[in-house]
Amino acid sequence: MNQDVNPWTHQLAYLCFFLAFVLSFLPVYVDPCSKIRIKYIDDNNFSICTALATGLILKSSSLQSYFQSGRQSWNSSAPHFIYDNIFIIPLMLLVSFVSFLILVFLLDCILIKFILIKLFKREFIRPLYCKDCNIPMRKINSPLSFLNWQEQVAAKIKSIRFEAWYCSLCNSAVNRDSIHLRAYVNTDEKFKECPDCQELTMVEVYSKVTKEIKPNTDGQRLVIHKCQCCFREETKVEVIPNGY
Ligand SMILES: [Zn+2]
Ligand SMILES: [Zn+2]
(Lines give C-alpha, C1' and ligand atoms only; values in the text may rest on other atoms or scores of the structure.)
(Ligands and ions follow the chains in the order given, each with its own letter.)
Protein backbone atom coordinates (compact mmCIF):
# COMPACT_ATOMS: atom_id res chain seq x y z
CA MET A 1 0.00 0.00 0.00
CA ASN A 2 2.80 2.36 0.93
CA GLN A 3 4.44 1.65 -2.38
CA ASP A 4 1.35 3.03 -4.16
CA VAL A 5 1.39 6.13 -1.98
CA ASN A 6 5.09 7.03 -2.13
CA PRO A 7 6.86 5.15 -4.89
CA TRP A 8 9.51 7.89 -5.18
CA THR A 9 10.73 7.43 -1.60
CA HIS A 10 11.41 3.74 -2.37
CA GLN A 11 13.24 4.60 -5.57
CA LEU A 12 15.25 7.32 -3.83
CA ALA A 13 16.11 4.90 -0.99
CA TYR A 14 17.44 2.28 -3.44
CA LEU A 15 19.36 5.02 -5.22
CA CYS A 16 21.00 5.94 -1.89
CA PHE A 17 21.92 2.28 -1.22
CA PHE A 18 23.38 2.03 -4.71
CA LEU A 19 25.29 5.29 -4.18
CA ALA A 20 26.72 3.90 -0.91
CA PHE A 21 27.83 0.76 -2.78
CA VAL A 22 29.51 2.78 -5.55
CA LEU A 23 31.14 5.18 -3.03
CA SER A 24 32.73 2.27 -1.16
CA PHE A 25 34.95 1.57 -4.21
CA LEU A 26 35.93 5.20 -4.75
CA PRO A 27 39.65 5.71 -3.93
CA VAL A 28 40.83 8.17 -1.29
CA TYR A 29 44.09 9.88 -2.22
CA VAL A 30 46.44 10.48 0.70
CA ASP A 31 49.88 11.90 1.24
CA PRO A 32 52.17 8.81 1.42
CA CYS A 33 54.24 10.43 4.21
CA SER A 34 51.67 11.83 6.63
CA LYS A 35 50.20 11.35 10.06
CA ILE A 36 46.51 11.90 10.70
CA ARG A 37 44.38 11.59 13.82
CA ILE A 38 40.72 10.55 13.63
CA LYS A 39 38.48 11.15 16.62
CA TYR A 40 34.91 10.33 15.67
CA ILE A 41 33.90 9.34 12.15
CA ASP A 42 36.56 8.67 9.54
CA ASP A 43 35.97 11.02 6.57
CA ASN A 44 36.35 7.96 4.32
CA ASN A 45 33.27 6.36 5.89
CA PHE A 46 31.18 9.50 6.31
CA SER A 47 29.85 9.76 2.74
CA ILE A 48 28.96 6.03 2.66
CA CYS A 49 27.23 6.09 6.06
CA THR A 50 25.37 9.27 5.06
CA ALA A 51 24.06 7.60 1.89
CA LEU A 52 23.07 4.46 3.84
CA ALA A 53 21.35 6.48 6.58
CA THR A 54 19.45 8.54 4.00
CA GLY A 55 18.28 5.32 2.34
CA LEU A 56 17.17 3.82 5.66
CA ILE A 57 15.34 6.99 6.70
CA LEU A 58 13.51 7.07 3.35
CA LYS A 59 12.61 3.40 3.74
CA SER A 60 11.30 3.87 7.28
CA SER A 61 7.55 3.57 7.54
CA SER A 62 7.21 6.58 9.86
CA LEU A 63 8.62 8.96 7.29
CA GLN A 64 6.52 7.43 4.57
CA SER A 65 3.37 7.87 6.64
CA TYR A 66 4.46 11.46 7.33
CA PHE A 67 4.66 12.13 3.61
CA GLN A 68 1.35 10.35 3.19
CA SER A 69 -0.37 12.54 5.80
CA GLY A 70 1.31 15.60 4.36
CA ARG A 71 -0.03 14.81 0.92
CA GLN A 72 -3.51 14.12 2.24
CA SER A 73 -3.59 17.43 4.10
CA TRP A 74 -2.16 19.23 1.08
CA ASN A 75 -5.03 17.87 -0.98
CA SER A 76 -7.56 18.82 1.67
CA SER A 77 -9.02 22.29 1.87
CA ALA A 78 -9.89 21.93 5.57
CA PRO A 79 -8.00 24.69 7.49
CA HIS A 80 -7.13 22.50 10.52
CA PHE A 81 -4.93 20.27 8.34
CA ILE A 82 -2.84 23.31 7.40
CA TYR A 83 -2.50 24.39 11.05
CA ASP A 84 -1.53 20.82 12.00
CA ASN A 85 1.23 20.84 9.41
CA ILE A 86 2.68 24.13 10.69
CA PHE A 87 3.73 22.25 13.83
CA ILE A 88 4.01 18.70 12.53
CA ILE A 89 6.30 19.36 9.55
CA PRO A 90 9.11 21.17 11.50
CA LEU A 91 8.82 18.58 14.31
CA MET A 92 9.02 15.66 11.89
CA LEU A 93 11.94 17.29 10.06
CA LEU A 94 13.75 17.76 13.38
CA VAL A 95 13.05 14.14 14.41
CA SER A 96 14.21 12.91 10.99
CA PHE A 97 17.40 15.00 11.19
CA VAL A 98 18.29 13.77 14.70
CA SER A 99 17.48 10.15 13.70
CA PHE A 100 19.62 10.66 10.63
CA LEU A 101 22.67 11.84 12.64
CA ILE A 102 22.26 8.96 15.13
CA LEU A 103 21.96 6.51 12.23
CA VAL A 104 25.12 7.83 10.53
CA PHE A 105 27.05 7.40 13.78
CA LEU A 106 25.55 3.94 14.52
CA LEU A 107 26.21 2.69 11.01
CA ASP A 108 29.82 3.83 11.26
CA CYS A 109 30.22 2.04 14.63
CA ILE A 110 28.60 -1.15 13.30
CA LEU A 111 30.68 -1.09 10.12
CA ILE A 112 33.90 -0.56 12.06
CA LYS A 113 33.37 -2.94 14.97
CA PHE A 114 31.69 -5.85 13.25
CA ILE A 115 32.87 -5.78 9.66
CA LEU A 116 35.92 -3.65 8.87
CA ILE A 117 38.19 -4.45 11.84
CA LYS A 118 37.17 -8.13 11.97
CA LEU A 119 37.40 -8.84 8.24
CA PHE A 120 39.87 -6.32 6.87
CA LYS A 121 41.79 -5.18 9.99
CA ARG A 122 41.12 -1.54 9.12
CA GLU A 123 38.59 1.16 10.07
CA PHE A 124 37.58 2.59 6.72
CA ILE A 125 35.88 1.30 3.60
CA ARG A 126 37.22 3.23 0.62
CA PRO A 127 40.63 2.10 -0.75
CA LEU A 128 43.66 4.28 -0.02
CA TYR A 129 45.71 5.52 -2.98
CA CYS A 130 48.96 7.47 -3.06
CA LYS A 131 48.22 11.01 -4.20
CA ASP A 132 51.68 11.36 -5.80
CA CYS A 133 51.73 8.29 -8.04
CA ASN A 134 48.07 7.13 -8.04
CA ILE A 135 48.72 3.54 -6.97
CA PRO A 136 47.05 1.65 -4.08
CA MET A 137 48.80 2.04 -0.71
CA ARG A 138 49.99 -1.13 1.05
CA LYS A 139 49.11 -1.91 4.64
CA ILE A 140 51.79 -2.66 7.21
CA ASN A 141 50.53 -5.56 9.31
CA SER A 142 52.39 -4.72 12.53
CA PRO A 143 52.74 -0.92 12.86
CA LEU A 144 54.14 -1.09 16.42
CA SER A 145 57.80 -0.82 15.31
CA PHE A 146 57.00 2.46 13.49
CA LEU A 147 55.58 4.16 16.58
CA ASN A 148 57.45 6.27 19.11
CA TRP A 149 57.45 5.21 22.78
CA GLN A 150 54.41 7.33 23.75
CA GLU A 151 52.41 5.99 20.80
CA GLN A 152 53.37 2.43 21.69
CA VAL A 153 52.03 2.96 25.22
CA ALA A 154 48.81 4.48 23.81
CA ALA A 155 48.44 1.45 21.51
CA LYS A 156 49.06 -0.92 24.45
CA ILE A 157 46.40 0.65 26.70
CA LYS A 158 44.08 0.84 23.63
CA SER A 159 43.50 4.61 23.87
CA ILE A 160 44.57 4.80 20.20
CA ARG A 161 44.46 2.22 17.42
CA PHE A 162 47.17 2.76 14.81
CA GLU A 163 47.20 1.78 11.16
CA ALA A 164 50.30 2.22 8.99
CA TRP A 165 50.28 2.31 5.18
CA TYR A 166 53.05 2.88 2.65
CA CYS A 167 53.51 3.48 -1.08
CA SER A 168 55.85 0.98 -2.73
CA LEU A 169 56.73 3.42 -5.54
CA CYS A 170 57.41 6.57 -3.51
CA ASN A 171 59.43 4.94 -0.74
CA SER A 172 61.85 2.07 -1.19
CA ALA A 173 62.86 2.29 2.48
CA VAL A 174 59.91 1.93 4.83
CA ASN A 175 60.45 3.84 8.05
CA ARG A 176 58.51 6.18 10.37
CA ASP A 177 59.06 9.19 8.12
CA SER A 178 58.00 7.43 4.90
CA ILE A 179 54.63 6.00 5.98
CA HIS A 180 51.03 7.17 6.21
CA LEU A 181 50.06 6.73 9.86
CA ARG A 182 46.40 6.82 10.88
CA ALA A 183 45.64 7.17 14.60
CA TYR A 184 42.06 6.25 15.63
CA VAL A 185 41.37 7.86 18.99
CA ASN A 186 39.30 6.01 21.61
CA THR A 187 36.83 8.62 22.90
CA ASP A 188 36.23 6.79 26.20
CA GLU A 189 36.45 9.37 29.04
CA LYS A 190 38.76 7.10 31.05
CA PHE A 191 41.61 8.14 28.73
CA LYS A 192 43.29 11.53 28.93
CA GLU A 193 46.20 13.28 27.25
CA CYS A 194 49.33 13.55 29.38
CA PRO A 195 50.68 17.15 29.40
CA ASP A 196 54.25 15.83 29.65
CA CYS A 197 54.11 13.05 27.05
CA GLN A 198 51.60 14.93 24.84
CA GLU A 199 49.85 11.69 23.99
CA LEU A 200 46.70 9.89 25.15
CA THR A 201 48.63 7.86 27.71
CA MET A 202 46.75 8.72 30.92
CA VAL A 203 44.18 6.22 32.11
CA GLU A 204 41.65 6.43 34.95
CA VAL A 205 42.99 4.34 37.84
CA TYR A 206 40.67 5.44 40.64
CA SER A 207 37.13 6.79 40.85
CA LYS A 208 35.02 7.29 43.96
CA VAL A 209 31.79 9.17 44.62
CA THR A 210 32.60 11.64 47.42
CA LYS A 211 29.22 13.38 47.53
CA GLU A 212 25.97 11.65 46.69
CA ILE A 213 23.40 13.37 44.50
CA LYS A 214 20.55 14.84 46.54
CA PRO A 215 17.39 16.58 45.36
CA ASN A 216 18.40 19.91 43.75
CA THR A 217 22.08 19.28 44.58
CA ASP A 218 24.83 17.97 42.32
CA GLY A 219 27.10 15.14 43.44
CA GLN A 220 30.90 14.91 43.32
CA ARG A 221 33.38 12.24 42.31
CA LEU A 222 37.11 11.98 42.92
CA VAL A 223 38.98 10.74 39.84
CA ILE A 224 42.68 9.89 39.51
CA HIS A 225 44.34 9.53 36.11
CA LYS A 226 47.84 8.06 35.81
CA CYS A 227 50.13 8.24 32.79
CA GLN A 228 51.28 4.77 31.77
CA CYS A 229 54.32 6.33 30.12
CA CYS A 230 55.86 8.80 32.63
CA PHE A 231 53.62 7.81 35.63
CA ARG A 232 52.45 11.40 36.23
CA GLU A 233 49.28 11.43 38.35
CA GLU A 234 46.41 13.91 38.18
CA THR A 235 43.62 14.13 40.75
CA LYS A 236 40.39 15.85 39.85
CA VAL A 237 37.03 16.41 41.53
CA GLU A 238 34.27 16.00 38.97
CA VAL A 239 30.72 17.25 39.36
CA ILE A 240 28.01 14.64 38.86
CA PRO A 241 25.03 16.64 37.56
CA ASN A 242 21.76 16.15 39.38
CA GLY A 243 19.49 13.82 37.46
CA TYR A 244 22.40 12.30 35.53
ZN1 LIG B 1 53.42 7.01 -4.24
ZN1 LIG C 1 53.15 11.14 30.63
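Look a little higher up for the structure.
A few points on the structure. (Residues numbered from 1 in each chain as written. Chains lettered and ligands numbered in written order. Predicted model: local features only at pLDDT ≥ 70, side-chain atom pairs only at ≥ 80, totals over all residues.)

1. What about the overall build of the chain?
For the chain, the count of helices and strands is six helices and 10 strands. The contacts in the chain between residues at least 6 apart in sequence include a share of 63% that link residues at least 24 apart. (Helix = DSSP H or I, 4+ residues; strand = E, 2+ residues; numbered from the N terminus. Contact = placed C-beta atoms within 7 Å.)

2. Digging into the nonpolar core
Most often, soluble globular proteins keep nonpolar side chains buried together rather than apart. Counting residues in each nonpolar core, the largest one holds 20 residues, and the members touching the most others are M137 and W165. Where this core is concerned, the elements lending two or more residues are β3 (128-130), α6 (149-156), β5 (160-166), β6 (180-185) and β8 (199-211). The leading source of residues in this core is β5, at four residues. Apart from residues no more than four positions distant in its own chain, M137 is found in contact with V30, P32, L128, Y129, C130, W165, Y166, C167 and H180. Within the second largest apolar cluster, 14 residues are counted, among which are C16, A51, A53 and I112. (Core = buried A, V, L, I, M, F, W, Y, C linked by C-beta atoms within 7 Å. Buried ≥ 20, exposed ≤ 12 C-beta atoms within 10 Å, placed from the backbone.)

3. Topic: the pairing of strand β10 (residues 233-240)
Burial runs low along β10: only zero of the eight residues are buried. Here eight bridges tie strand β9 (residues 219-227) to β10, and the two strands are oriented antiparallel to one another. Within the sheet, the bridge partner assigned to G219 lies in β10 and is I240. Between β9 and β10, which pair antiparallel one after the other, the connecting turn spans five residues, and F231 there sits at a positive phi close to 65°. (Pairing = 2+ DSSP bridges.)

4. A closer look at the environment of Y29
As for its placement among the helices and strands, Y29 is situated in strand β1 (residues 28-30). Sequence separation between Y29 and P136 is 107 residues; the distance between their C-alpha atoms is 8.9 Å. Excluding anything up to four places from it in sequence, Y29 contacts Y129 and K131.

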